[in-house]
Amino acid sequence: MPDVPAEYPQLLSDLKARIQAAQTRAALAVNRELILLYWQIGQAILQRQGEAGWGAKVVDQLSKDLKHAFPEMKGFSPRNLKYMRAFSAAWPDGEVVQQLVAQLPWGHNIALLQQLKDPQEREWYARAAIHHGWSRNVLIHQLDSRLIERQGRATTNFGRALPEAQSELAQQLLKDPYNFDFLTLHDEALERDLERGLLAHLRDFMLELGVGFAFVGSQYHLEVGGEDFYLDLLFYHLKLRCYVIVELKIGEFRPEFVGKMNFYLSAADDLLRHEQDAPTIGLLLCRTQNKVVAEYALRGVDKPLGVSTYQLAESLPADLKGSLPSVEDLEKEMEKLGGEDNDK
């Protein structure tokens, strides 16, 4: 490489960033125009079907003619034209289409159409997908797990323990229940088994926690008064700018868990928190909880703390359970085998 000025690497880095930003803007602009085109095509089909009673055969003919006129373009199959019609029917307001769903790729919009009938839910997930930058697979995962019903449902004291702006954001970050359907644990499992399972599926666990959580460590060591203490899971939230301690409980919530977590939060604030960090937040994840008991336990606690439940996968998937023999079936088979042996 020939000699270059000392400022050259910085110049190259700046130009790369500008080119990438321009490519992103161009891609977004192309996507926006494509989504608006699909909406307009869908509107035209809807209008003709309503006014002139067009049937499915006309859509099939339209597909053939558009493919012939624009052979270089994909997306004019009869199936996709029907999606365009459904898309336009689902989003009748052109301004909403331009300002919201035109920011999402077509695959995202199809997923929203296929899985949601309620317009408000569809808009909620569309805004969440844009805000968090979800891929199509992540969006489908959030749809399947009914995120809208779980978001912000944890029992917390954030309204008292945190400033208003931060408490609202923190509340929305916590869910109830958390969906750990990627785990299967036996009934005698211990907290350590649950922790190992989550760490073994860390990518899935982080996806369920949500955007902004950075993993710091498990069994994170703190020394207080010459004694050793270990946090189950420690995270740092990039948007809240604070540490988040997660303690795992294999059984139901008990009030005494709050005292221990309160101690951990005090220790973390003294030993880990920097001046620019917000107060450390605690999350108790229990298999079950009595919300009234949890609310009473959190009263008077000045450290920000939340209580949520989690769901695990069943020991056997539902589609397999029906195909496995019951105890009665096995007994009958044993009786048959016994009868055959006696015949011999």
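Described in the following lines is the structure provided in the data block. Computed from a predicted model, the values in this text were never measured in an experiment. Along each chain, residue indices are assigned from 1 in the same order as the chain's sequence is written. Only residues with pLDDT of 70 or above have their local features reported here, since the model is predicted, and side-chain atom pairs are shown and tallied only from 80 upward, although totals for entire chains, interfaces and linings are computed over all residues. Values shown for side chains rest on all heavy atoms present in the structure; no hydrogens or waters enter the calculation.

Digging into the overall build of the chain
Next, step 1: A tally of helices and strands in the chain yields 16 helices and seven strands.
Next, step 2: The buried label goes to any residue with under 20% of its type's maximum accessible area, the exposed label to any with over 50%, and the partly exposed label to all in between, with areas taken from a 1.4 Å probe on protein chains only. For the chain, with 344 residues in total, the buried portion stands at 39%.
Next, step 3: For this analysis, residues touch if any pair of their heavy atoms sits within 4.5 Å. Counting contacts in the chain only where the partners sit at least 6 residues apart, residues at least 24 apart contribute 62% of the total.
Next, step 4: Per-residue and other accessible areas were derived by the Shrake-Rupley procedure at a 1.4 Å probe size, with only the shown protein chains allowed to occlude residues. For the chain, the computed accessible surface area is about 20,200 Å², with 53% contributed by carbon and sulfur atoms. What counts as a helix is a DSSP run of H or I of at least four residues, what counts as a strand is a run of E of at least two, and both are numbered from the N terminus.

Regarding the packing of aromatic side chains
Next, step 1: Paired rings are identified among Phe, Tyr and Trp, the last through its six-membered ring, by centres lying within 6.5 Å, and are further divided according to the angle between planes into stacked (under 30 degrees), edge-to-face (over 60) and tilted (the rest). Applying the stated criterion to the full structure yields 15 aromatic pairs.
Next, step 2: Judged by centre distance (5.7 Å) and plane angle (25°), the ring pair of Phe180 and Tyr310 falls under stacked. Of this pair, Phe180 sits in strand 2 (residues 178-180) while Tyr310 is found in strand 7 (residues 305-312), placing the two residues 130 residues apart along the sequence.
Next, step 3: Note on Phe180: relative accessible area 0%, which makes it buried.
Next, step 4: Grouping aromatic residues by their ring pairs yields a cluster made of Tyr178, Phe180, Phe182, Phe205, Phe213, Phe215, Phe235 and Tyr310.

Considering empty space enclosed by the protein
Next, step 1: Of the grid points, spaced at 1 Å and generated over the protein atoms alone, those admitting a 1.4 Å probe that cannot get out make up cavities, while open sets with protein on both sides within 12 Å along at least five of seven lines make up pockets; any residue with an atom within 4 Å of a point is treated as lining. Grid points are joined across faces, edges and corners, and a volume is the space filled by probe spheres set on the points. Considering all chains together, one arrives at one cavity of 30 Å³ or more under this definition.
Next, step 2: Taken as a whole, the largest cavity encloses approximately 40 Å³ of empty space.
Next, step 3: Forming the walls of the largest cavity are Phe158, Ala170, Leu173, Leu174, Phe213, Leu240, Val244 and Ile281.
Next, step 4: Note on residue categories: nonpolar means Ala, Val, Leu, Ile, Met, Phe, Trp, Tyr, Cys or Pro, charged means Asp, Glu, Lys or Arg, and polar means any other residue, Gly included. A breakdown of the residues in the lining of the largest cavity according to their chemical character gives eight nonpolar, no polar and no charged.

Let's talk about the environment of Leu202
Next, step 1: Within the secondary structure layout, Leu202 lies in helix 12 (residues 202-209).
Next, step 2: Taking the C-alpha atoms as reference, Leu202 lies 9.0 Å from Phe215; in sequence the two are 13 residues apart.

Let's talk about unusual backbone geometry
Next, step 1: Cis geometry is adopted by the peptide bond preceding Pro177, which originates at Asp176 and carries an omega value of 0°.
Next, step 2: With respect to the element layout, Pro177 can be found in the loop between helix 10 (164-173) and strand 2.
Next, step 3: The phi dihedral of Arg146 is positive, around 55°, even though this residue is not glycine.
Next, step 4: Summarising the element assignment, Arg146 is placed in the loop between helix 7 (136-144) and helix 8 (147-150).
Next, step 5: The phi dihedral of Gln219 falls on the positive side, at around 45°, and the residue is not glycine.

A word on the side chain of Thr155
Next, step 1: The topology assignment puts Thr155 in strand 1 (residues 155-156).
Next, step 2: By relative accessible area, which is 6% here, Thr155 ends up buried.
Next, step 3: Contacts described as polar in this section are N or O atom pairs within 3.5 Å, which, within protein, must combine one atom able to donate a hydrogen with one able to accept it, while residues neighboring in sequence count only if both atoms come from side chains. Here Gln289 takes part through its side chain, which lies 3.4 Å from a polar atom of the side chain of Thr155.
Next, step 4: Within the local environment of Thr155, its side chain forms a polar contact with the side chain of Lys291, the two groups lying 3.3 Å apart.
Next, step 5: The contact partners of Thr155, leaving out residues within four places of it in the chain, are Gln289, Lys291, Ala294, Glu295, Leu298, Leu305, Gly306 and Val307.

A word on helix 7
Next, step 1: Every buried residue of helix 7 is accounted for by Val138, Leu139, Ile140, Gln142 and Leu143.
Next, step 2: Backbone geometry just after helix 7 places Arg146 at a positive phi near 55°.

Overview of the pattern of salt bridges
Next, step 1: Definition used for salt bridges: Asp or Glu carboxyl oxygen within 4 Å of a side-chain nitrogen of Lys or Arg. Evaluated as defined, the whole model comprises eleven salt bridges.
Next, step 2: In this structure, the salt-bridge partner of Lys291 is Asp176, at a minimum N-O distance of 3.2 Å. Of this pair, Lys291 sits in helix 14 (residues 291-298) while Asp176 sits in the loop between helix 10 and strand 2, and the two are 115 residues apart along the sequence.
Next, step 3: A residue is classified by how much of its surface remains accessible, and Lys291, at 37% relative accessible area, is partly exposed.
Next, step 4: We classify Asp176 as buried; its relative accessible area is 10%.

Details of the pairing of strand 5 (residues 242-252)
Next, step 1: Of all eleven residues in strand 5, eight are buried, a share of seventy percent or more.
Next, step 2: Taken together, the five bridges between strand 4 (residues 227-237) and strand 5 define a ladder with antiparallel strand orientation. Looking at strand 5, one finds that Phe235 is bridged to Val244.
Next, step 3: A strand pair is defined by DSSP finding two or more bridges across the two strands. Direction of pairing for strand 5 relative to strand 6 (residues 281-288): parallel, over a ladder of seven bridges. The partner of Leu248 across the bridge, within strand 6, is Leu285.
Next, step 4: Of the crossover connections in this fold, the one passing from strand 5 over helix 13 (residues 256-271) to the parallel strand 6 is right-handed. Orient the strands so they point away from the viewer; a crossover is then right-handed if the path from the first strand over the helix to the second runs clockwise.

Remember, this is a structural readout, not a statement about activity or role.
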